[in-house]
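Take a look at the letters that make up each chain.
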Amino acid sequence: MTAVLAAGGLTALATGTAQAADINVARNGGFESGLANWSCSGGSGASVSSPVHTGAGALKATPAGQDNARCSQTVTVKPNSTYTLSTQVQGSYVYLGATGTGTQDVSTWTPGSGAGWQKLSTTFTTGPSTTQVTVYTHGWYGQPAYFVDEFSVFGPDGGGGTDPGPSVPSAPAQAAVSGQTSDGLTLSWGAVSGATGYYVYQDGVRVKTVTAASAQITGLAASTSYSFQVSAYNAAGEGPKSAPVTGTTTGGGNPNPNPNPAVPRHALTGYWQNFNNGATVQKISDVSAQYDIIAVSFADATATPGAIAFNLDTAGLGGYTVAQFKADIAAKKAAGKSVILSIGGEKGTISVNDSASATNLANSAYALMQEYGFSGIDIDLENGLNPTYMTQALRALSAKAGSSLVITMAPQTIDMQSTQGGYFKTALNIKDILTVVNMQYYNSGSMNGCDGKVYSQGSVDFLTALACIQLEGGLDPSQVGIGVPASPSGAGSGYVSPTVVNNALDCLTRGVNCGSFKPSKTYPGLRGAMTWSTNWDAKAGGAWSNSVGPKVHALP
């Protein structure tokens, strides 16, 4: 199928080159006007604000029963003309096509993985008397909801015209600060004509996205000055920032009213999915009490190098609101749990390769900790990292957040084979502030153990012999955890049963239940275990956490 799609893409480039008069004859292709001009079978479609590829809207369509969630519109075309049909899609088995062309009707599709936006494109030629064509997209039976954005039918104007293009909004004026308290303030500004929403920047880092011309800024330090700017955006893009305005919080009593709880000696870590990929959709409050560290997956990359943002997938999580999310984090912290923000994943790949980007990461991460109540961050960058500048970023964050900051890492197996690797170097560089490294013992090829022998994933030996590299390579046992999938659905390969995980924990901490590899000594201070994800664990009835959790908490 890859070859077929690639060939179609080449055809589109060769035959669908735009001429001077070519336009997009589809209407509301960015779904900025809801479902105007579109018809979806069985009420399967809805306009959503997240996820979107560009602008503020996208189509979400949900197959159900015998309905494949077909959404279509009829476009006006010119006879004997070639059109390029394209769109951005997210989901598995998403189709794009055209019927009634008067020649050869076309369609293309992507099996996908359900994660990330992908572009579908094909071309069609109209017949000698064809003036209207129906274009469509649909999912597949039994599959989750799919998303569509930037739908385009590009070619000669058939007389129906095109959507008027918006212009980038101007900079907001009259930014002002009011209502200062010891930990917050209100920021307001003049509304901008044509704006869909506004981005709020605190000390140069984007911290909020709002639709009204004001924002409540919380989580600030007492008796501290901050610089704020605002920009407006719409489907055409983001406009210029406003002039900066300074806001200073009042003095306060306890400078840390909601301190981070201490991570227990032996801890269970679970990644919580801020998206729906077929695993059980959860609120933070739904996460099993067995988990001591909950890593929210994932932060989003921004246009500022190194800086991160966070956008709760309210639509994908069944209407989970930001207010509920924040309250659930506070409740978990009150129960002694740590909720941290994971940096990585498909949308969160960032590069920290100089001092400026290191500063941006530290500032933006700290702003998000203040905004949401996160206890720290997790580094889950799967394309490597620069140990010099990642160390700088994490130390800068530690200086801001204090000694209760939680820092975890989830490198791949290849990243921890040698102390000369970027991940291993970073872990050793920040050993005094590092909480735990939960290496991913899955989606891996065969790897060397600390005894020089080669081990394959899926066994006790793979877990213990590779953990030994970290334990003997300079990390404290309290900084080493075993990361595995919660179920076979949680990873492409490397799943092991909870019994295997528990045997590995016994082997490393007590010297019993080992496989052919037995470490030369025991490590009773081993931190524990991690899983991807709490959602897949819940899908499997909590089998992983209900087995591995008690084992971890009973370690010596």
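These remarks concern the structure in this document.

Parameters at a glance
Residues numbered from 1 in each chain as written. Predicted model: local features only at pLDDT ≥ 70, side-chain atom pairs only at ≥ 80, totals over all residues. Heavy atoms only, no water. Helix = DSSP H or I, 4+ residues; strand = E, 2+ residues; numbered from the N terminus. Rg over C-alpha atoms; globule rule 2.2 N^0.38 Å. Buried < 20%, exposed > 50% of the residue type's maximum accessible area, 1.4 Å probe, protein only. Contact = heavy atoms within 4.5 Å. Areas by Shrake-Rupley, 256 points an atom, 1.4 Å probe, with all protein chains shown as cover. Lys, Arg positive; Asp, Glu negative; His and termini not counted. Charge placed at Lys NZ, Arg CZ, Asp CG, Glu CD. Salt bridge = Lys/Arg side-chain N within 4 Å of Asp/Glu carboxyl O. Pairing = 2+ DSSP bridges. Disulfide = S-S within 2.5 Å. Core = buried A, V, L, I, M, F, W, Y, C linked by side-chain atoms within 4.5 Å. Phe/Tyr/Trp six-rings, centres within 6.5 Å; stacked < 30°, edge-to-face > 60°. Lys NZ or Arg CZ within 6 Å of the ring centre and 35° of its normal.

Details of the overall build of the protein
And step 1. Each helix and strand counted, the protein has nine helices and 31 strands in total.
And step 2. For the protein, whose C-alpha radius of gyration is 26 Å, the value lies close to the compact-globule estimate of 24 Å for 556 residues.
And step 3. For the protein, the spread of C-alpha atoms along the three principal axes comes to 80 × 60 × 40 Å.
And step 4. Out of the 556 residues belonging to the protein, those deemed buried represent 51%.
And step 5. Here the contacts in the protein between residues at least 6 apart in sequence split such that 74% fall between residues at least 24 apart.
And step 6. As displayed, the protein offers around 21600 Å² of accessible surface, 50% of which is attributable to carbon and sulfur atoms.
And step 7. Computed over 26 positive and 30 negative side-chain charges, the inter-centroid distance for the protein is 6 Å.

A short note on unusual backbone geometry
And step 1. In this structure, the amide linkage connecting Ser50 to the following residue, Pro51, adopts the cis form with an omega of 0 degrees.
And step 2. Its place among the elements puts Pro51 in the loop between β3 (45-48) and β4 (58-61).
And step 3. A cis amide bond links Trp532 with the next residue in sequence, Ser533, at an omega value of 5 degrees.
And step 4. For Asn80, which is not glycine, the phi dihedral falls at a positive 50 degrees.
And step 5. In this fold, Asn80 is placed in the loop between β5 (71-76) and β6 (82-90).
And step 6. Of the residues examined, Asn80 reaches a relative accessible area of 56% and is grouped as exposed.
And step 7. Phi at Tyr93 takes a positive value of approximately 55 degrees, unusual for a residue other than glycine.
And step 8. Of note, Tyr93 is situated in the loop between β6 and β7 (94-99).
And step 9. By relative accessible area, Tyr93 is classed as partly exposed at 32%.

Some words on the pattern of salt bridges
And step 1. Across all of its chains, the model carries eight salt bridges by this definition.
And step 2. One salt bridge in this structure joins Lys337 and Asp292, with 3.6 Å as the shortest N-O distance. With Lys337 in the loop between α2 (322-334) and β24 (338-344) and Asp292 in the loop between β20 (267-273) and β21 (293-297), this residue pair connects regions lying 45 residues apart in the sequence.
And step 3. Overall, Lys337 belongs to the buried group, its relative accessible area being 11%.
And step 4. The exposure class assigned to Asp292 is buried, which follows from its relative accessible area of 7%.
And step 5. Within this structure, Lys208, Lys326 and Glu371 form a network of salt bridges that share partners.

Here we look at the sheet that holds strand β8 (residues 106-110)
And step 1. The strand order β2-β5-β10-β7-β8 describes an open sheet built from five strands, whose pairing is antiparallel. Bordering the open sheet on either side are β2 (39-40) and β8, each of which pairs with just one other strand.
And step 2. The pairing of β7 with strand β10 (residues 132-138) spans five bridges and is antiparallel. Pairing of Thr99 across the sheet is with Thr134, part of β10.

Here we look at the state of the cysteines
And step 1. Considering all chains together, one arrives at three disulfides under this definition.
And step 2. Linked covalently through their sulfurs, Cys40 and Cys71 form a disulfide whose S-S length is 2.1 Å. An S-S torsion of about 115 degrees defines the bridge between Cys40 and Cys71 as right-handed. Within this pair, whereas Cys40 is found in strand β2, its partner Cys71 is found in strand β5, the two being separated by 31 residues in sequence. In this structure, Cys40 and Cys71 share a single accessibility class: buried.
And step 3. Here Cys507 engages in a disulfide with Cys514; their sulfurs sit 2.1 Å apart. The sign of the 100 degrees torsion about the S-S bond sets the Cys507-Cys514 disulfide as right-handed.
And step 4. For Cys507, a relative accessible area of 0% translates into the label buried.
And step 5. Across the protein, the way the bonded cysteines pair up, counted in sequence order, is 1-2, 3-4, 5-6.

Focus: the nonpolar core
And step 1. Core analysis: the biggest nonpolar cluster contains 93 residues, and Trp272, Phe325, Phe374 and Ile379 have the highest contact counts within it.
And step 2. Element by element, the count of residues in this core is highest for helix α6 (residues 460-472), at nine residues.
And step 3. Core analysis: the next-biggest nonpolar cluster, separate from the first, contains 27 residues, Val75, Tyr83, Val89 and Leu120 among them.

Description of the environment of Leu96
And step 1. With respect to the helices, strands and loops of the structure, Leu96 is situated in strand β7.
And step 2. For the pair formed by Leu96 and Ala289, sequence separation is 193 residues and the distance between their alpha carbons is 44 Å.
And step 3. Excluding anything up to four places from it in sequence, Leu96 contacts Leu85, Ser86, Thr87, Val106, Ser107, Thr108, Leu120, Ser121, Tyr136 and Phe151.

A word on the packing of aromatic side chains
And step 1. With the rule as written, the count across this model stands at 24 aromatic pairs.
And step 2. Measuring from centroid to centroid gives 5.9 Å for Phe310 and Phe374, while their planes differ by 85 degrees, and the two rings are edge-to-face. Of this pair, Phe310 sits in the loop between β23 (308-309) and α2 while Phe374 sits in the loop between α3 (355-372) and β25 (376-380); the two residues are 64 residues apart in sequence, bridging distant segments of the chain. The same class applies to Phe310 and to Phe374, which are both buried.
And step 3. The interplanar angle of 70 degrees and the centroid separation of 6.2 Å between the aromatic rings of Phe325 and Phe374 together place this pair among those described as edge-to-face. A residue pair is termed long-range when its members are at least 10 positions apart, and Phe325 in helix α2 and Phe374 in the loop between α3 and β25 qualify at 49 residues.
And step 4. Here the aromatic residues Trp272, Phe310, Tyr320, Phe325, Tyr372 and Phe374 are joined through ring pairs into a cluster of three or more.
And step 5. A cation over an aromatic ring shows up here: Arg70 above the ring of Tyr136, its NZ or CZ 4.4 Å from the ring centre.
And step 6. Sitting over the face of the ring of Tyr201, Lys241 holds its NZ or CZ atom 4.4 Å from the ring centroid.

So far we have only geometry, and geometry alone does not tell us how the molecule works.
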